[in-house]
Amino acid sequence: PDPPQQQGPMPCLPHLPLLGSLPWLRAHLPPHLLFTQLSHRYGPLYSFYLGPHYTVVINSLPHVKEVLLQRGKDFAGRPFMVTTDLLTRGGKDIAFSDFSPLWKRHRRLVHSSFTLFGEGTHKLQDIVLSAVDSLCDELQGSSGAAVDPGPAVSRAVTNVVCTLVFSSTYGRHDPELAQVMDYNNGIVETIAGGGLLDIYPWLKVFPSEVLRKLRECISVRDRLLTRKLEEHKASMMEGAPRDLLDALIQAQRPQGQRSAQQEGEGLTDDHVLMIAAETFGAGVETTSTTLLWILAYLVHHPQVQERVQKELDEVVGRGRGVCVSDRPHLPYLDSVTNEGLRIRPVSPVLIPHTALRDSSIGGHFIKCGTRVLVNMWAIHHDPKHWEQPDLFKPERFLDDKGCRVTPPSFLPFGAGPRVCVGESLARMELFLFLSSLLQRMSFRLPDGAPPPDLQGRVGVVLQPLPFKVLVIPREKGQP
Ligand code: HEM
Ligand code: PLO
C-alpha cells in the first residue's frame, strides 16, 4: 500500500545558486552515513541540490518500494556522469546506461547469457571449484603466518570471471592477470573519485589527476579486451558459445535464434566490449568484497564460524567437496551470507536513479529528470525493521525451526527494472567459495593482531580495509 499522502512540500536542505546544497553536505562522513544522519533531522524523505541537480534521498522501506517496484519504470533512468560516460563509451553498457529500448534488449540478452554459462549448469560449479582449490592451497601455504586474504581472494574471483567472460584461466604469477587486477583497481579508485566532476561536467576542461588515471586504466582495459574480441571472432564456432564473449558475438550475427537475434539488434562491437568489461568488473568487485567482509566478521565471531563448520560437517562431511546441490541443506551458511550482505552492503547507496517522467514519491510530486538516491544502508540498519541492527546476527535470517526467512527490508541487490542481473551468479559463487573454504580451514585472529576494521572505505563499492588472519587447516576425511 502507498504511504499516506504527505501534507506540504518535501523537506529540502538549504541551497545557493550554482553550489546548490554542497556547503551543507561537507560532513566528514561517507555518503550512506551522512544521508542516514540527515534523515534523523529532515525525516526519511528529503531533497537537496547537488550543484544544479535536484536530488531526492530515500531512507525508508515504503518509499524504496514505491521507487524501485510500484513505480519502478518511472525511476529506471540513470543520470549522466563524466566518469561513467568515459568508462562505458557513452553508456553502451548495462549499469550506467540511461533507459532506452536498446538498453532493455541488451540487459535481457546479458541475463539469458548468464543462464547459459552458469546458473543451472555444472560449468560454473567446476570453474569456481577449481579456483577455490588454488585459493585454499594458497591460503594453507601460509603455514602458520598471519596473511592478508585480500589479494588471494581477488585473484581467485578474478579467475572465475575471466573464465566465464573470455575463457582465460591464469596461474598465480601470470602477468596478464596482474595487469587485469591492476587496471580494475585503478578504475575502482577513480570512478568514485569523480565526485565534483560528475556534478559539474564542465570541470573536465581542467586537467584532472583522477581523469588522467581513469583514462590510462581504460586504455589498458580496451587493449586487452579488443585483443580478446578479435581472438574470439576468429576462433568461435557457430552455435557453440564457449563464454559470454562468444554469446554476445553470436547475438550480433543474423543466424542465431529468433529471440536472441531480436535482442542482439543494435549490438555493436562497442556494446559487446562494454558489456563484457562491465560483467567482468561487476563480477570481480562485488563478490570479492562480500567474501572479505564475511571473513572479517567470522574472525570477529568465532562461534558463528564454528556453527557453519558444524553444519557443513553434518550435511557434507569432510570426505568430499561441497557442490551446488548441498545448498538447500545448508541454511545457516546462507544466513551468514545474508547477514554479511545486510550489515555491509556492497552498494550502500545504489547507483543513482533518475525520474524518466513526472511521478510521485510518498505523495510528493517528482518532476521528470529528478535524481533519486536510494540509501539501502538506512533500510538495512533501520531499527524499525531490525533488532540491534549494528550487530552481526545471522539467526535473523532463520525462523525458530531453523528455516530460511527473508525480511522485506533486505534488498542487497536492489529490486525492480534495475535489479542486479548477477544475483544468482553471485549467490552461487558466494556459496561455493564460503562453503569450500570453511570446510577445509578455519580463520582466526593472529596473536597480538588488531581485529579487522569493520568501518571500511567507500568508493564505488564499500570495501573492508586490509586485515590479517591466521589460517588453520582442518583435518581431511570424516570428522
Ligand atoms: C546492479 C548488487 C554481483 C552485475 C546492481 C545494483 C546492486 C547490485 C545494489 C544496483 C541496483 C540499482 O541501481 O537499483 C550486487 C551485489 C552483488 C552483485 C550485492 C554480489 C554480492 C553482481 C555480479 C554481476 C553483477 C556477479 C555480473 C556478473 C550487475 C549489473 C548491474 C548491477 C550489470 C546493473 C543493472 C542495471 O542497471 O540495469 N548490483 N551485485 N552484479 N549488477 Fe550487481
Ligand atoms: C568495478 C571496476 C570495473 O573495472 C568496472 C566496473 C563495472 C561495473 C560496476 C563495478 C565497476 C563496481 C560495482 C558496480 C558495477 C555495476 C553494478 C555494481 C557498480 C566500477 C554495483 C554494486 O552496483
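Right above here is the structure, for reference.
As the structure is a prediction and not an experimental result, all values here were calculated from the model.

The rules we used
- Residues numbered from 1 in each chain as written.
- Chains lettered and ligands numbered in written order.
- Predicted model: local features only at pLDDT ≥ 70, side-chain atom pairs only at ≥ 80, totals over all residues.
- Heavy atoms only, no water.
- Phe/Tyr/Trp six-rings, centres within 6.5 Å; stacked < 30°, edge-to-face > 60°.
- Helix = DSSP H or I, 4+ residues; strand = E, 2+ residues; numbered from the N terminus.
- Buried < 20%, exposed > 50% of the residue type's maximum accessible area, 1.4 Å probe, protein only.
- Salt bridge = Lys/Arg side-chain N within 4 Å of Asp/Glu carboxyl O.
- Donors = N, O, S within 2.8 Å, 3.2 Å for Na, K, Ca; no water.
- Disulfide = S-S within 2.5 Å.
- Pairing = 2+ DSSP bridges.
- Contact = heavy atoms within 4.5 Å.
- Axes fitted to C-alpha atoms, helices over the stretch in contact; angles between N-to-C directions.
- Core = buried A, V, L, I, M, F, W, Y, C linked by side-chain atoms within 4.5 Å.
- Expected span 1.5 Å × (residues − 1).
- Near = heavy atom within 4 Å.
- Polar contact = N/O pair within 3.5 Å; in protein donor to acceptor, adjacent residues only side chain to side chain.
- Nonpolar A, V, L, I, M, F, W, Y, C, P; charged D, E, K, R; others polar.
- 1 Å grid on protein atoms, 1.4 Å probe; cavity = no way out; pocket = protein on both sides within 12 Å on 5 of 7 lines; lining within 4 Å.
- Points joined across faces, edges and corners; volume = space filled by probe spheres on them.
- Areas by Shrake-Rupley, 256 points an atom, 1.4 Å probe, with all protein chains shown as cover.

(A) Structural context of the packing of aromatic side chains. Tallied over the full model, the rule gives eleven aromatic pairs. Here the aromatic rings of Tyr183 and Phe280 are separated by 6.5 Å at their centres, their planes lie at 35 degrees, and the arrangement is tilted. Residue Tyr183 is found in helix α7 (residues 175-191), and its partner Phe280 is found in helix α12 (residues 269-300); the two are separated by 97 residues along the sequence. An identical accessibility class is assigned to Tyr183 and Phe280; each is buried. Ring centres 4.7 Å apart and planes at 20 degrees place the aromatic pair Tyr297 and Phe392 in the stacked group. Taken as a pair, Tyr297 in helix α12 and Phe392 in the loop between α15 (376-380) and α16 (423-440) lie far apart in primary sequence, 95 residues in all. Residue classification places Tyr297 among the buried positions, given a relative accessible area of 4%.

(B) Seen up close, the pattern of salt bridges. The final tally for this structure, using the stated rule, is 27 salt bridges. Notably, a salt bridge pairs Asp222 with Arg89, separated by 3.0 Å at the nearest N-O pair. Residue Asp222 is located in helix α9 (residues 209-235), and its partner Arg89 is located in the loop between α3 (82-87) and α4 (101-116); the two are separated by 133 residues in the primary sequence. Take Asp222: its relative accessible area is 15%, and that puts it in the buried class. Given the relative accessible area of 26%, Arg89 is considered partly exposed. Here Arg221 ties to Asp222 by a salt bridge, and the two come within 3.0 Å at their closest N and O atoms. In this pair, the class of Arg221 matches that of Asp222, namely buried.

(C) Structural context of the coordination of the iron atom of ligand 1. If you check the protein contacts of the iron atom of ligand 1, you find one donor only, Cys420 (SG), at 2.3 Å. Mapped onto the fold, Cys420 is located in the loop between α15 and α16.

(D) Inspection of the state of the cysteines at higher detail. Taken as a whole, this structure holds zero disulfides when the rule is applied. Here Cys368 stays unpaired: no disulfide links it, and the sulfur of Cys12, its closest cysteine neighbor, is 19 Å away. Overall, the relative accessible area of 41% leaves Cys368 in the partly exposed class.

(E) A look at the sheet that holds strand β2 (residues 53-58). One open sheet accounts for four strands, arranged β1-β2-β6-β3; its pairing is mixed. Only two strands of the sheet have a single neighbouring strand rather than two, namely β1 (45-50) and β3 (353-354). As paired strands, β3 and strand β6 (residues 371-374) are joined by two bridges and run antiparallel to one another. When the sheet's bridge partners are listed, Thr354 is paired in β6 with Arg371. The sheet contacts of helix α1 (residues 31-42) involve β1, β2 and β6, and relative to β1 the element is tilted by about 120 degrees.

(F) Molecular detail of the nonpolar core. Residues Phe166, Phe433 and Phe443 are the most contacted members of the largest nonpolar core, which totals 98 residues. When residues no more than four places from it in sequence are discounted, the contact partners of Phe443 are Leu139, Leu295, Val299, Gln305, Leu437, Leu438, Val469, Leu470 and Val471. Core analysis: the next-biggest nonpolar cluster, separate from the first, contains 19 residues, Val64, Val374, Ile379 and Ala415 among them.

(G) Unusual backbone geometry, seen in detail. Look at Ser167: it is not a glycine, yet its phi comes out positive at around 55 degrees. Within the fold, Ser167 resides in the loop between α6 (150-166) and α7. For Gln388, which is not glycine, the phi dihedral falls at a positive 45 degrees. Structurally, Gln388 is set in the loop between α15 and α16.

(H) Focus on α7. With 17 residues, α7 extends 24 Å from end C-alpha to end C-alpha; this agrees with the ideal 24 Å at 1.5 Å per step. If you check which residues of α7 are buried, you get Glu176, Leu177, Val180, Met181, Tyr183, Asn184, Gly186, Ile187, Val188, Thr190 and Ile191.

(I) Spatial organisation of the site of ligand 1. In the region of ligand 1, 27 residues are neighbours, and Arg78, Arg107, His353, Arg418 and Cys420 sit closest. Arg78 places a side-chain nitrogen or oxygen 2.8 Å from an oxygen atom of ligand 1. The side chain of Arg418 places a nitrogen or oxygen atom 2.9 Å from an oxygen atom of ligand 1. Listed by contribution, the elements that provide at least two residues to the shell around ligand 1 are α4, α12 and α16. With six residues, α12 is the single largest residue contributor to the shell around ligand 1. Looking at the shell around ligand 1, its residues break down into 16 nonpolar, seven polar and four charged.

(J) Inspection of empty space enclosed by the protein at higher detail. Going through the model one piece at a time under the given rule, you end up with one cavity of 30 Å³ or more. Taken as a whole, the largest cavity encloses approximately 30 Å³ of empty space. In terms of lining, the largest cavity is formed by Arg327, Asp334, Thr337, Arg427, Leu430 and Phe431. Contributing elements (two or more residues each) for the lining of the largest cavity: α14 (331-343) and α16. Looking at the lining of the largest cavity, its residues break down into two nonpolar, one polar and three charged.

(K) Spatial organisation of the site of ligand 2. Neighbouring residues of ligand 2: 14 residues in total, closest Asn184, Ile187, Val188, Glu278 and Gly281. Between ligand 2 and Asn184, the relevant distance is 2.5 Å, taken from an oxygen atom to a side-chain nitrogen or oxygen of the residue. The protein chains hide 88% of the 480 Å² of surface that ligand 2 would expose on its own. Of all elements in the fold, only α7 and α12 reach the threshold of two or more residues within the shell around ligand 2. Here the shell around ligand 2 takes five residues from α12, the largest share from any one element. Classifying every residue of the shell around ligand 2 by side-chain character gives eight nonpolar, four polar and two charged.

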